[in-house]
Amino acid sequence: MFDFCGIGNACIDIIAKVDDGFLLHWDFPKSICTYLELPRADALEAALPSPVYIPGGCSANTAACVTALGGSAAFIGKVAADSIGALFLEDMKKNDIHYTGVPDASAGAGSTRIFALITPDSERTFASYYGVQEQLSPADLDEDAIKNARYMYLDGYALNSKRGGEAFLKAAEIAHAAGNKVVFSPSDLSILQKYGDVTDPLARVSDIVLCNEQEALYLTGTGTLESALPALQGAFETGAVTVGARGAYAFDKSAVYHVPSADPPGLVVDTNGAGDGFAGGFLFGLSRRYPLPRAAALGNRCAAAIITHAGARPVHDFKSFLTD
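Computed from a predicted structure; not experimentally measured.

Draft legend 1. Spotlight on the sheet that holds strand E9 (residues 149-155). If you walk across this open sheet you meet the 9 strands as E6-E5-E1-E9-E10-E11-E12-E13-E14, and the pairing is mixed. The open sheet has two edge strands with one neighbour each: strand E6 (97-98) and strand E14 (256-259). Two elements, strand E10 (residues 181-185) and strand E11 (residues 208-212), share 2 bridges in a ladder whose sense is parallel. By the bridge assignment for E11, Phe 184 is matched with Val 209. Along the sheet face, helix H11 (residues 274-287) touches strand E1 (2-7), E9, E10, E11, strand E12 (238-242) and strand E13 (248-252) and points at about 155° away from the line of E9.

Right, dumping it as structure tokens:
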């Protein structure tokens, strides 16, 4: 039995330090994301000075946090039969995450990659190639993993795939038929704004929601968190709303708990992935039947650890968080 099974983007973040002349040469507007086709993505990768490759993807990050805590996790995504895909699969194995997808070896297929180009003024300019992840469909679902996972996690970013919503609804159906819980994480406010025709039915079939304050207000159509929390209680069995440095609010049908943030075990380097760390800790806690405040506190500990280094895969001893 898995504690967690997530559907999300299988991607690699590629980070490199460049100068403004490099951005000008590639015609990349500074601090903006440019979307690339495969030939240009390959050419850009080849031209980067000393690139650093960091496995990413919200759902995969969350799965890695679950296994770092001693839990079991599965992941559903899509990669191509290329070096980027091989790097992602190697990371799945390293983090002991169950993955059964077969890399797409068709002509012109490429794995998803996000380029973060850092100029001397510390500004980040992004370029992205979505790749085969755009083709994620119900055919890619690992039904055995879904049936055998306590929590089926739907990462909103995967809705950028043309049939992502269809895959999510099918996964929810399989999970519920097996008596498991469905967790919806919008992942970003833009996902709710762009895909309301899909996120609305997803919210209705989800038992648990994990979101930030902005997303909570949008989901409930309210103006304050104080109004949003009761609305979320009415719509979901349980869930949590992260509120940055203020920690998180965890709730079920009967109560709402505010849990303060945890102190980071080092200097804050990059806040990307904090929500993924929280989700991993919180869901691991629920799988072990922790009371809601304790599950949220564990989520906060994991989030605080993630922001002390580049990338959103765990590097600290997460199991120590279970005894402190």
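Draft legend 2. Broad picture of the sheet that holds strand E2 (residues 11-17). Ordered in space as E3-E8-E7-E2-E4, the 5 strands form an open sheet in which the pairing is mixed. Every other strand in the sheet has two partners, leaving strand E3 (33-35) and strand E4 (52-56) as the edge strands with one partner each. Going across the sheet, the axis of each strand differs from the next one's by a mean of 20°, ignoring polarity. Against the sheet, helix H2 (residues 38-47) touches E2, E3, E4, strand E7 (112-118) and strand E8 (124-129), its axis set at about 45° to E7. With respect to the sheet, helix H4 (residues 83-94) is in contact with E2, E4 and E7, its orientation differing from that of E2 by roughly 110°.

Criteria and thresholds
- Residues numbered from 1 in each chain as written.
- Predicted model: local features only at pLDDT ≥ 70, side-chain atom pairs only at ≥ 80, totals over all residues.
- Heavy atoms only, no water.
- Pairing = 2+ DSSP bridges.
- Helix = DSSP H or I, 4+ residues; strand = E, 2+ residues; numbered from the N terminus.
- Contact = heavy atoms within 4.5 Å.
- Axes fitted to C-alpha atoms, helices over the stretch in contact; angles between N-to-C directions.

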